[in-house]
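Residue-level listing of the chains:
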Amino acid sequence: MKIKLGENMYGKNAVHLSKIIRHTDHHEFRQISVNISLEGDFETAYTQGDNTKILPTDTQKNTVYALAKDHFTGSIEDFGIYLANYLLNNNPQVSQAQVEITEHLWSRMAFEAHPHPHAYASSGSEKRTTLVKQNRTATSVRSGFKDLLILKTTDSGFENYIKDKYTTLKETNDRILATQCEASWLYTAEKLDFNAVYNGIRNTLLHTFAFHKSLSVQQTLFDMGKAVLENIVMVKEISLIMPNKHHIPFNLEQFGMQNNNDIFIATDAPYGYITGTISRD
């Protein structure tokens with residue numbers, strides 16, 4: 001019986017990359033996920049364990065980050081074409097390079113019709129929520145939102161924390177702050193223009209996030225809730241959940257390149273998980 005290898009390919013999936021493109025008057029934040037698949041003369045790798053024609057998938061990952069430094073400046077189509085051409089031109093054993101890119105869209109927050117220079121909100125994932133409890137004597141209304149992705153590219157740092165023998169985290173006074181925010185608040189009344197109040201609360205939370213200098217996620221959470229209570233009397237208390245969606249600078253020095261705090265690895269796990277409830281004394 002003759003056994004042979006059929007159609008095959010290999011590559012690297014889920015290469016998460018974030019990039020800040022700094023313009024003179026604003027920052028442009030881009031976040032993509034890249035999948036690479038290569039087809040070509042790889043039969044002996046499968047049948048004989050011969051790796052002499054294999055470009056490691058880790059190298060493919062590194063190639064995405066390195067090329068993004070200078071060549072991810074426009075459309076994802078243009079970057080995908082450049083990346084595929086690079087892989088083909090530098091690997092004669094490859095007959096086809098497939099690059100799949102998904103862009104996670106962000107838009108700059110706007111206040112009074114003016115876009116903020118470096119604060120962003122994601123669209124498409126946010127959900128509005130409400131919980132009504134009613135008994136024979138009273139009604140309570142707790143409303144909010146969840147899965148609101150918000151991010152800013154500067155005005156955030158993390159310093160002066162406990163350091164012990166297991167600490168490897170480096171202090172920084174300029175980092176990306178990103179979170180998938182969940183908020184819920186308890187109204188003081190049951191007869192309100194809920195749409196108008198909801199919009200006011202949401203805008204207050206976003207405005208505070210965007211414009212204040214963050215020393216930690218904990219401080220940001222408290223200041224956001226404090227601003228709602230100070231400005232909207234119809235809210236009795238507010239609870240916030242703000243997991244820290246880390247963006248870690250990628251080491252470009254290994255390729256003789258300098259990372260000027262603009263190329264990052266977007267990580268899903270593990271992540272910091274910060275919660276808090278703010279109420280009037």
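Up top is the structure.
What this report covers is the structure whose coordinates are included nearby. These numbers were taken from a predicted model, which means no experiment stands behind them. (Residues numbered from 1 in each chain as written. Predicted model: local features only at pLDDT ≥ 70, side-chain atom pairs only at ≥ 80, totals over all residues. Heavy atoms only, no water.)

1. A closer look at the overall build of the chain
Point 1. Scanning the chain from terminus to terminus reveals 5 helices and 12 strands.
Point 2. The C-alpha extent of the chain, read off along each of the three principal axes, is 80 × 45 × 45 Å.
Point 3. Expressed as a percentage of its 281 residues, the buried residues of the chain come to 40%.
Point 4. Taking the intrachain contacts of the chain between residues at least 6 apart in sequence as the baseline, contacts between residues at least 24 apart amount to 65%.
Point 5. Per element, the accessible surface of the chain, about 16,000 Å² overall, is 49% carbon and sulfur. (Helix = DSSP H or I, 4+ residues; strand = E, 2+ residues; numbered from the N terminus. Buried < 20%, exposed > 50% of the residue type's maximum accessible area, 1.4 Å probe, protein only. Contact = heavy atoms within 4.5 Å. Areas by Shrake-Rupley, 256 points an atom, 1.4 Å probe, with all protein chains shown as cover.)

2. Concerning the sheet that holds strand 10 (residues 247–249)
Point 1. As summarised here, the arrangement of the 5 strands in space is 3-2-1-11-10, forming an open sheet in which the pairing is antiparallel. In this open sheet, the two edge strands, each paired with only one partner strand, are strand 3 (94–103) and strand 10. Neighbour-to-neighbour, the strand axes of the sheet open up by a mean angle of 35 degrees, direction not taken into account.
Point 2. Sheet contacts for helix 2 (residues 57–71): strand 1 (10–22), strand 2 (27–40) and strand 11 (263–266); angle to strand 1, the most-contacted strand, approximately 20 degrees.
Point 3. Each of strand 2 and strand 3 is contacted by helix 3 (residues 76–89), which is oriented at about 155 degrees to strand 3, the strand it contacts most. (Pairing = 2+ DSSP bridges. Axes fitted to C-alpha atoms, helices over the stretch in contact; angles between N-to-C directions.)

3. A short note on the pattern of salt bridges
Point 1. Per the stated rule, a full pass over the model turns up 10 salt bridges.
Point 2. Ionic pairing is found between Arg30 and Glu28, a salt bridge with its closest N-O pair at 3.4 Å.
Point 3. A relative accessible area of 24% places Glu28 in the partly exposed class.
Point 4. Across the pair Glu237 and Arg142 runs a salt bridge, and its minimum N-O distance is 2.6 Å. Here Glu237, found in strand 9 (residues 235–241), pairs with Arg142, found in strand 7 (residues 139–152); they are 95 residues apart in sequence, far enough to count as distant.
Point 5. Its relative accessible area of 23% is what places Arg142 among the partly exposed residues.
Point 6. Several salt bridges converge on common partners, so that one network encompasses Glu28, Arg30 and Glu103. (Salt bridge = Lys/Arg side-chain N within 4 Å of Asp/Glu carboxyl O.)

4. Some points on the pairing of strand 7
Point 1. Sheet topology places strand 5 (residues 114–122) next to strand 7; 3 bridges connect them, and they run antiparallel. Note that in strand 7 the partner of Tyr120 across the bridge is Leu151.
Point 2. Sheet topology places strand 6 (residues 127–134) next to strand 7; 8 bridges connect them, and they run antiparallel. Looking at the pairing, Lys133 lines up with Ser140 of strand 7.
Point 3. Hairpin remark: strand 6 followed by strand 7, antiparallel, with 4 residues in the connecting loop.
Point 4. With 9 bridges joining them, strand 7 and strand 8 (residues 177–187) adopt antiparallel strand pairing. Residue pairing for strand 8: Leu148 is matched across the bridge by Cys181.

5. A closer look at the packing of helix 2 against helix 3
Point 1. The N-to-C vectors of helix 2 and helix 3 enclose an angle of 125 degrees; their axes lie 11 Å apart at closest approach. With respect to their mutual orientation, helix 2 and helix 3 come out oblique. Judged by the twist between their axes, the crossing of helix 2 over helix 3 is right-handed. In this structure, helix 2 uses Thr63, Val64, Leu67, Ala68 and His71 to contact helix 3, whose residues at the interface are Phe79, Tyr82, Leu83 and Tyr86.
Point 2. Residue composition of the contact of helix 2 with helix 3, by class: 7 nonpolar, 2 polar and no charged. (Parallel < 35°, antiparallel > 145°, perpendicular 65-115°, else oblique. Left-handed = near helix turned anticlockwise from the far one by under 90°. Nonpolar A, V, L, I, M, F, W, Y, C, P; charged D, E, K, R; others polar.)

6. Quick notes on the environment of Asn91
Point 1. Within the secondary structure, Asn91 is located in the loop between helix 3 and strand 3.
Point 2. As a C-alpha pair, Asn91 and Ile54 span 37 residues in sequence and 9.3 Å in three-dimensional space.
Point 3. Among the polar contacts made by the side chain of Asn91, one reaches the main-chain carbonyl oxygen of Leu87 at a distance of 2.9 Å. (Polar contact = N/O pair within 3.5 Å; in protein donor to acceptor, adjacent residues only side chain to side chain.)

7. A look at the pairing of strand 4 (residues 106–111)
Point 1. Two strands pair when backbone bridges link them, and strand 4 and strand 5 are joined in this way by 5 bridges, in the antiparallel orientation. Within the sheet, the bridge partner assigned to Ala110 lies in strand 5 and is Pro115.
Point 2. Connecting strand 4 to the antiparallel partner strand 5 that follows it, the hairpin turn spans 2 residues, and Glu112 within it adopts a positive phi of roughly 55 degrees.

8. Description of the side chain of Thr153
Point 1. By the secondary structure assignment, Thr153 is in the loop between strand 7 and strand 8.
Point 2. For Thr153, a relative accessible area of 2% corresponds to the buried category.
Point 3. A polar contact is formed between the side chain of Thr153 and the side chain of His27, at a distance of 2.8 Å.
Point 4. With residues up to four places along the chain from it excluded, the contact list for Thr153 reads Ile20, His27, Phe29, His118, Tyr120, Asp174, Arg175 and Ile176.

9. Quick notes on the packing of aromatic side chains
Point 1. Taken as a whole, this structure holds 11 aromatic pairs when the rule is applied.
Point 2. Centre to centre, the rings of Phe158 and Tyr161 are 4.7 Å apart; their planes meet at 20 degrees, and the pair counts as stacked.
Point 3. Relative to Phe255, the ring of Phe250 has its centre 6.3 Å away and its plane inclined at 25 degrees; by these criteria the two rings are stacked.
Point 4. Given the relative accessible area of 34%, Phe255 is considered partly exposed.
Point 5. Grouped by ring-pair contacts, the aromatic residues Phe29, Trp106 and Tyr120 constitute a single cluster.
Point 6. Over the ring of Tyr271 we find Lys245; its NZ or CZ atom is 5.7 Å from the centre of that ring. (Phe/Tyr/Trp six-rings, centres within 6.5 Å; stacked < 30°, edge-to-face > 60°. Lys NZ or Arg CZ within 6 Å of the ring centre and 35° of its normal.)

That's the geometry; what it means functionally is another story.
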